[in-house]
Amino acid sequence: MFPISKTKIRDLSLSERARSILLVNRATIAQDLNVEAVIDQLIADEILVPEDAELIRAEVTGRRRATKLLDMVMKKGQNGYNCLHKALIETHKHLAIILEDGVTEDGVPRSPSASPEILTCDEVDVILIRGGVPPRVPVFVNRPNDTSGIQCKMKVIKDKIGWVMVHGMGGIGKSVLAAEALRNSKILANCFPGGVFWLSIGQVDKNKLLMKVQNLCARLDQEPNPPPYNIDEGKDRLRTIFLEQHPRSLLVLDDVWSVKVAKTFDIQCRVLVTTRDSSITDQISSEVHKVSLESGFNETQALETLALWTERTVATLPPQAHEIYKASKGSPLVISLIGSLLKDHPHRWESYLKKLQEKKYSRLRKASSYEYESVDEAMGMSLEQLAKDSKDLYSDFAIFDEDVKVPAKVLSIMWDEDLETVEDEMYKLVQKSLLRQEWDDDLLCMTFSVHDLQRDFLKQNTENQRQLHVKLVKSYYRICGGKYHELEDDSYVHQYLPMHMGQALMTDQLKVLLHSLEWLKAKINIVGPSAVLGDFIKYAHMLECESSLDYDIAQEFQSFVSINTHLLVQSPKPDLYQLALNQPESTQVYKQALQKVEAASRGFYVMWRNRPPVMDSILMTSKVHDGIVSCAKFSPDGETVVSCGEDETVKVWESGSGQQLVSTDSHTDYVSWCDYSPDGALIASCSHDKTVRIWNSKDGRCMKTLKGHEEEVYMCVFSHDGTKIASCSQDWTLKIWDVKTGKELKELTCHTAAVKVCCFSPDDSKIATCSDDMTVKICDVSEGEIAISYEKHGDFVSCCCFSPNGRRIASSADNEIHIWQVDSGEQIGRCESRSTSILCCAYSPSDGVIAGGLSDFSVWLWDSHTFKPLTVYKGHTSWVLSVSFDKEGQKLVSASDDQTVMIWKVSDKESEKSIILKREFAVEFGEEDTAVVASDTQHRCLIIKGNNTVPIPMSQGTSRVRSVALSSDRRAACGCDDGQIKLLSIADASQLQELKGHKGSVRCCVFTKDASVLVSASDDNTIRVWNLEQGTSLELAGHSGWVTKIRLFHNDTRILSSSHDGSLRIWDLSSGKQLKMIIAHTDTLLSCDLSPDETMAASVSVDKTTKIWAIAADGTIGQIVHSLQGHEDSVRTCCFSPDSKYLATGDDQGVVKIWNVKTGELQGSSQENHNSWVTDIKFAANSRKLVSVGDNVKWWDLDGNILQTFHIRGSLVRLIHPNQDFTQFVTIDNAGQLYVLQRI
């Protein structure tokens, strides 16, 4: 015996590709092959021997002789195949081409595989039918992403043995998608030319499995063999059949449930398996390529399916079709079941939707193309396969909300197991498609979620769910001892712990949360204020059942969060305890904050000493837009608010919590208005992009875009019957549209300028419009003719609205609202504000109140019958652009230029008239009381003593007060816009005299120490020195620009002044002579300061620099000491520290910097800047702390570290006055609110 070489052994083995080519093309080759033309060549190549030739020639027909030859060649291995191909090249070139792909050289394919010819549709159908592949379901909608994913994995096993596993939950369409992936001619011809063979498995025992193996052998075995006796024999038989008779074919195992079944078919062939349990292939010897189906139909696919079932077009489907998709979570099984039911009962859309929403899945039952006849059946089959322990663990997921990813850390706490054990147990459920898992990089653990349908099934079939909620709450109690605010953030507990307490009926523990400022702080920091408000809305009523007091306390906390929501969404978040100290002293919110602050060893906190006992009626302050909010409206049921604005979006959010529900961004410019349809199902919005859009209010889908206006569209409103929309524009037109079709019904051109507002009468027969042409028009809707033209306004008309009975109209312009008769145009009354413009107005549904939004940032309410003001709401910090009542007239929503929306509680009772202070003021700090002198919007000079919130008028006036100073003998000087200075007595609150001389606004006043002289500075570029004892004055002229600041030297002999002209000057006070002048800056000089030791002066400028100047021994300005650079915007204010070692500066970007005066180096810079100009800075007496103001009040240390922020009600503060020991601080904001702050 000669040894057989390795090459010869390799040649004896026929490659899988060659075997497949011979078997697939056997009939074609046998039909055309002339045996005599190739047999001699094969003998010469030692592939055949003469005896073989005799056997071949003994066959009766040429076809049989060719078949005999092919059978012999297949047994001669790869060398025989290659030699046959060579012989055919000379005599049968067309047959040689067929064999080309299987030829090798030294065991390697000679050329890359060429794609065979594409199969025809008929050929594809024949292959699939022969292989037992299920036909398409009667109603089929393609899911291209999923089918292509399966096909990509099929291509991976084109040239090598392997498995493709398609796994997912029951009812997601695994079998349908697997069959569809095979309906592709390229896949069949190129990847599986040997054919496709489908075998449905299901849940089988050993006997049933053997029967399936036997049946498969009978289908595929071309030899007359008896059926295999057992599974092992069947497995061996199948391995041989696929190797020798069906190479390069695909075996499809549909619906496999166990590892045992999968191992039975581990026979070294290509396999596609569908399963719910991804672990079934863990013991397969071949490589497994997984395709995970996580989702079912998208909305388009679901609607198309329903349309096919009901023989409609998608466009004609009822609104319930969209709701069915949402409620079904896109489940193909559910959609198919409902579709088949609707085919028989086409009028039951609402009925089937209701059953679906109520989770009554068992009543949605019908034989369909899917394996299961109901959702319950599909879900239940998976659970039946679980061991009891796993089933119990899985049942615990019934208490978790939908779409929630539950961290393994939460389950570890609930089950009192280590993290690794939890993740191992959960992985078993993940493999069975009962859970989805995802790694969380922040938590460093897995998170798990249940498909919504599976969760619904668990909720229906899990008993004692309350006990499961109790179990979870007690588990957290165990690790924190009831101090829930100390729990670490596990991305779950802070969001959902109140829900579990509520479901567990653990009101005692729920009270701990809802009455705890520490818990609110922890939760707000982690998940935000909307989630906290949601807890109060959902669960506070449970406390009322136990105690009305407990409920009232919960309401206090809810109110606290509601009115501060716009602050609590900021980053960094404000100090919650400081915000809580602004609440009424009688509330638990205040008491808990005070207790916490007093117990703390460190921290800087202030209390608002003069806080009014009743601030206003704010229920909610929400910041949901990035920019101006132009409009906000309640939904018909009052549960939500729609708002729009500068950020080009329309948003829907909960009116109670501020939680955003819907956001749309299809507009491409400023969105100027939005409105709910009467039934709340639709929203209309209009924009400067010249369009009106109609939205679905639930999901934000744009239903229609109405185009026709040629300029910006300012307003759009629904008619009261919901069939029409009216819109008005900068193009001077009013258009009426059909809501259903989106078509323009009518265009009216009634005005000669931009039309700003339009509104329907309550009966929809009329439309009122107002315009920049200073008129209001009432037009007949049907005829389009002008019925009334109201022309009694003397300015642009900003708004108009019908009374609830349709008999009156309110229209606003300048600072008045005119109320007039619709039928005659006769004016019957006027509502007036002070001197500020009314930008918008609205009638309450009760017809008793008219609301107006003003340019002074306030909201006014007037009695619509007496036309007298009822109350003024203060809270906004910029123009109020829209006001609107809820359906009951009990709440008012306002939108503002300050980027916020506010919700107010409405009262139709007249309240005490509010006095709005101006920001110029001075303070006298006493041992017991503090006296503040300020002016109001009526230009009166007022004094407010102690904690008294009612100011005492000291003088009347016709000109705004611009500066205030106090003397040591308790007199006050108030400089006015008309150039006069009012001298007042603080002691008896009276006016003493008027000083006249300035010709411009008096911007600064300063008394000498002995109060005998008053120095004033004005916009008229002059300084005046008033000798109050002699009644004389000196004019100090020399500046060529506004005098911005004056400072007196300690001995009251000299004056330091700064001016917009860029100069610093020193004057002799007694003679008025200018002692020294330097041009300190080449740009506008904004302020100056004199160091307490009188050795230096500082100046700040628009040129972004700060300069420190030496004061010479003779009291004049010397050389520059430092030019401090580092600010990136205009430096607006400066202040020396009392020890003259530091200088603080503030700029228009909100930055505060502290400089070392000796070295000129930066000592510190603010880390949390103001969001506005820095308008004033003051140091503490010990020079270790400082306070600055702008958009709020901030305290700092010398390194620029923030100590505290006090958030004002308005948007800007101009001055701050601290007392000597830095424990009291007084300021007034631009909303007119006085603050006397006391450090705790």
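Residues numbered from 1 in each chain as written. Predicted model: local features only at pLDDT ≥ 70, side-chain atom pairs only at ≥ 80, totals over all residues. Heavy atoms only, no water.

Enquirer: Just to check I follow, could you spell out helix H22 (residues 408-415) for this structure?
Expert: Counting along an α-helix, one turn takes 3.6 residues, and residues three or four places apart therefore face a common direction. Along H22, 7 of the 8 residues are buried, which leaves the element largely enclosed by surrounding structure. Residues of H22 that are buried include every one of Ala408, Val410, Leu411, Ser412, Ile413, Met414 and Trp415, and no others. Within two residues after H22, Asp416 carries a phi angle of roughly 55°, on the positive side. (Buried < 20%, exposed > 50% of the residue type's maximum accessible area, 1.4 Å probe, protein only. Helix = DSSP H or I, 4+ residues; strand = E, 2+ residues; numbered from the N terminus.)

Enquirer: Can you walk me through empty space enclosed by the protein in this structure?
Expert: Empty space among the atoms becomes visible once a probe the size of a water molecule is rolled across them. Counted under the stated rule, the structure contains 7 cavities of 30 Å³ or more. Taken as a whole, the second largest cavity holds about 60 Å³ of empty space. Surrounding the second largest cavity, Phe397, Phe400, Asp401, Glu402, Asp403, Val404, Val406, Phe448, Ser449, Val450 and Arg455 form its lining. Of the residues belonging to the lining of the second largest cavity, the class tally is 6 nonpolar, 1 polar and 4 charged. (1 Å grid on protein atoms, 1.4 Å probe; cavity = no way out; pocket = protein on both sides within 12 Å on 5 of 7 lines; lining within 4 Å. Points joined across faces, edges and corners; volume = space filled by probe spheres on them. Nonpolar A, V, L, I, M, F, W, Y, C, P; charged D, E, K, R; others polar.)

Enquirer: Please explain the pairing of strand E59 (residues 1117-1124) as it appears in this structure.
Expert: Look at any regular strand and the pattern is simple: side chains alternate between the two faces of the sheet. Across 5 bridges, the pairing between strand E58 (residues 1106-1111) and E59 is antiparallel. Its bridge partner being in E59, Ile1108 is matched across the sheet by His1122. Counting the residues in the hairpin turn of E58 and E59 gives 5 residues, including Gly1115, whose phi is positive at 85°. (Pairing = 2+ DSSP bridges.)

Enquirer: Teacher, can you tell me more about the packing of helix H29 (residues 529-546) against helix H30 (residues 548-563) here?
Expert: A packed helix pair is summarised by two numbers, namely the angle formed by the two axes and the spacing between the axes. Viewed as axis vectors pointing N to C, H29 and H30 meet at an angle of 165°, and their least axial separation amounts to 9 Å. In terms of orientation, H29 lies roughly antiparallel with respect to H30. For H29 against H30, the interelement crossing comes out left-handed. Contacts between H29 and H30 involve Pro529, Val532, Leu533, Phe536, Ile537, Ala540, His541, Leu543 and Glu544 from the former and Ser548, Asp550, Tyr551, Ala554, Gln555, Phe557, Gln558, Val561 and Ser562 from the latter. The residue inventory of the contact of H29 with H30, partitioned by class, reads 11 nonpolar, 5 polar and 2 charged. (Axes fitted to C-alpha atoms, helices over the stretch in contact; angles between N-to-C directions. Parallel < 35°, antiparallel > 145°, perpendicular 65-115°, else oblique. Left-handed = near helix turned anticlockwise from the far one by under 90°. Contact = heavy atoms within 4.5 Å.)

Enquirer: Could you clarify how one ought to interpret the sheet that holds strand E10 (residues 445-449) in this entry?
Expert: Working definition: the strands of a sheet are paired by backbone hydrogen bonds and lie parallel or antiparallel to each other. Taken in spatial order, the 3 strands make up an open sheet running E8-E10-E9, and their pairing is antiparallel. With one partner strand each, in any of the chains shown, strand E8 (406-407) and strand E9 (436-440) form the two edges of the open sheet. Bridge analysis of E8 against E10 gives 2 bridges, and the strand direction is antiparallel. Paired with Val406 across the strands is Phe448, a residue of E10.

Enquirer: Which parts of the structure should I look at to understand the environment of Pro135?
Expert: By the element assignment, Pro135 lies in the loop between helix H9 (121-130) and helix H10 (144-156). Along the primary structure Pro135 and Ala179 are separated by 44 residues, whereas in three dimensions their C-alpha atoms are 7.8 Å apart.

Enquirer: Mind showing me how you'd approach the packing of aromatic side chains here?
Expert: Two aromatic rings are characterised by how far apart their centres lie and by the angle between their planes. The final tally for this structure, using the stated rule, is 16 aromatic pairs. A ring pair is formed by Phe397 and Phe400, whose centres lie 5.5 Å apart and whose planes are at 65°; its orientation type is edge-to-face. Residue class for Phe397 comes out buried when judged on its relative accessible area of 2%. For Phe400, a relative accessible area of 2% puts it in the buried group. Here Trp1195 and Phe1225 contribute two aromatic rings whose centre-to-centre distance is 5.2 Å and whose plane-to-plane angle is 75°, an arrangement assigned as edge-to-face. On the criterion of sequence distance, the pair formed by Trp1195 in strand E66 (residues 1193-1197) and Phe1225 in strand E69 (residues 1224-1228) is long-range, its members being 30 residues apart. Through a chain of ring-to-ring contacts, the aromatic side chains of Tyr394, Phe397, Phe400, Tyr492 and Tyr496 assemble into a single cluster. Here the guanidinium or amino end of Arg1054 rests over the ring plane of Phe1049, the centre of that ring lying 4.3 Å away. (Phe/Tyr/Trp six-rings, centres within 6.5 Å; stacked < 30°, edge-to-face > 60°. Lys NZ or Arg CZ within 6 Å of the ring centre and 35° of its normal.)

Enquirer: Explain the pairing of strand E13 (residues 629-634) to me, please; I cannot follow it from the model alone.
Expert: Summarising burial for E13: 6 of the 6 residues are buried, a large majority. Strand direction decides the pairing type here: E13 and strand E14 (residues 640-645), joined by 5 bridges, are antiparallel. Bridge assignment links Lys633 to a residue of E14, and that residue is Val642. Here E13 hands over to E14 after 5 residues, with Gly638 in that stretch at a positive phi of 75°.

Enquirer: What is the right way to read the environment of Asp392 from this model?
Expert: The topology assignment puts Asp392 in helix H21 (residues 388-395). Sequence spacing of Asp392 and Val133 is 259 residues, and the spatial spacing of their C-alpha atoms is 38 Å.

Enquirer: Please explain the nonpolar core as it appears in this structure.
Expert: Soluble globular proteins tend to pack their nonpolar side chains together in the buried interior. Counting residues in hydrophobic clusters, the biggest one holds 88 residues, and the most contacted among them are Tyr394, Phe397 and Met426. Residues contacting Met426, with those up to four places away along its chain left out, are Leu393, Phe397, Leu411, Trp415, Leu435 and Phe448. Cys631, Cys750, Val755 and Cys831 belong to the second-largest nonpolar core, a separate cluster that totals 66 residues. (Core = buried A, V, L, I, M, F, W, Y, C linked by side-chain atoms within 4.5 Å.)

Enquirer: Explanation requested: the environment of Ala302 in the structure shown.
Expert: Mapped onto the elements, Ala302 comes out in helix H16 (residues 299-310). Separated by 22 residues in the primary sequence, Ala302 and Ile324 place their C-alpha atoms 8.9 Å from one another. The contact partners of Ala302, leaving out residues within four places of it in the chain, are Phe297, Tyr325 and Ile335.

Enquirer: How should the side chain of Ser643 be read in this particular structure?
Expert: Secondary-structure assignment places Ser643 in strand E14. Classification of Ser643 as buried rests on a relative accessible area of 0%. A distance of 2.8 Å separates a polar atom in the side chain of Ser643 from a polar atom in the side chain of His625. Apart from residues no more than four positions distant in its own chain, Ser643 is found in contact with Val624, His625, Val629, Cys631, Ala632, Thr649, Val650, Lys651, Trp653, Cys674 and Val901. (Polar contact = N/O pair within 3.5 Å; in protein donor to acceptor, adjacent residues only side chain to side chain.)

Enquirer: Where do I start with the sheet that holds strand E68 (residues 1217-1218) in this structure?
Expert: Taken together, the 4 strands give an open sheet; going across it, the order is E11-E70-E69-E68, and neighbouring strands pair in antiparallel fashion. The sheet is open, and its two borders are formed by strand E11 (606-608) and E68, each paired with just one other strand. With 3 bridges joining them, E11 and strand E70 (residues 1234-1239) adopt antiparallel strand pairing. From the neighbouring strand, Val606 faces E70, where its bridge partner is Arg1239.

Enquirer: Just to check I follow, could you spell out unusual backbone geometry for this structure?
Expert: Residues other than glycine predominantly adopt negative phi, and peptide bonds predominantly adopt the trans conformation. Residue Ser571 is joined to Pro572 through a cis peptide bond whose omega torsion reads 0°. In this model, Asn1021 sits at a positive phi of 75°, which is unusual for a non-glycine residue. Within the secondary structure, Asn1021 sits in the loop between strand E49 (1013-1018) and strand E50 (1023-1027). Here Asp1052, not a glycine, exhibits a phi torsion of approximately 60°, which is positive. Mapped onto the elements, Asp1052 comes out in the loop between strand E52 (1043-1048) and strand E53 (1054-1059).

Enquirer: Looking at this model, I keep getting lost on the pattern of salt bridges. Mind explaining?
Expert: When charged atoms on two side chains of opposite charge get close, those side chains can pair. Going through the model one piece at a time under the given rule, you end up with 47 salt bridges. The shortest N-O distance in the salt bridge between Lys326 and Asp699 comes to 3.3 Å. Here Asp699 lies in the loop between strand E19 (691-696) and strand E20 (702-707) and Lys326 lies in helix H17 (residues 319-328), a separation of 373 residues in the sequence. A residue is classified by how much of its surface remains accessible, and Asp699, at 26% relative accessible area, is partly exposed. One salt bridge connects Asp675 with Lys633, and the closest N-O pair in it is separated by 3.2 Å. Taken together, the residues Asp675 in strand E17 (residues 671-676) and Lys633 in strand E13 connect sequence positions 42 residues apart. (Salt bridge = Lys/Arg side-chain N within 4 Å of Asp/Glu carboxyl O.)

Enquirer: Just checking my understanding: could you explain the confidence of the model for the protein for this structure?
Expert: The predicted structure's coordinates, where accompanied by low pLDDT, should not be read in detail. On average, residues of the protein score 90 in pLDDT, and 95% of them reach the 70 mark or higher. Across residues 1-11, where pLDDT falls below 50, the model places 8 contacts with residues more than four positions away in sequence or in other chains. (pLDDT = per-residue confidence, 0-100.)

Enquirer: Even after reading the chapter, I still don't get a negative patch on the surface, so can you show me in this structure?
Expert: Among the surface-exposed residues, Glu417, Asp418, Glu420 and Asp424 lie close enough to one another that they form a single negatively charged patch. Within the fold, Asp418 resides in the loop between H22 and helix H23 (419-431). (Patch = residues over 30% accessible without salt bridge, like charges linked within 9 Å, V, L, I, M, F, W, Y side chains within 5 Å. Areas by Shrake-Rupley, 256 points an atom, 1.4 Å probe, with all protein chains shown as cover. Lys, Arg positive; Asp, Glu negative; His and termini not counted. Charge placed at Lys NZ, Arg CZ, Asp CG, Glu CD.)

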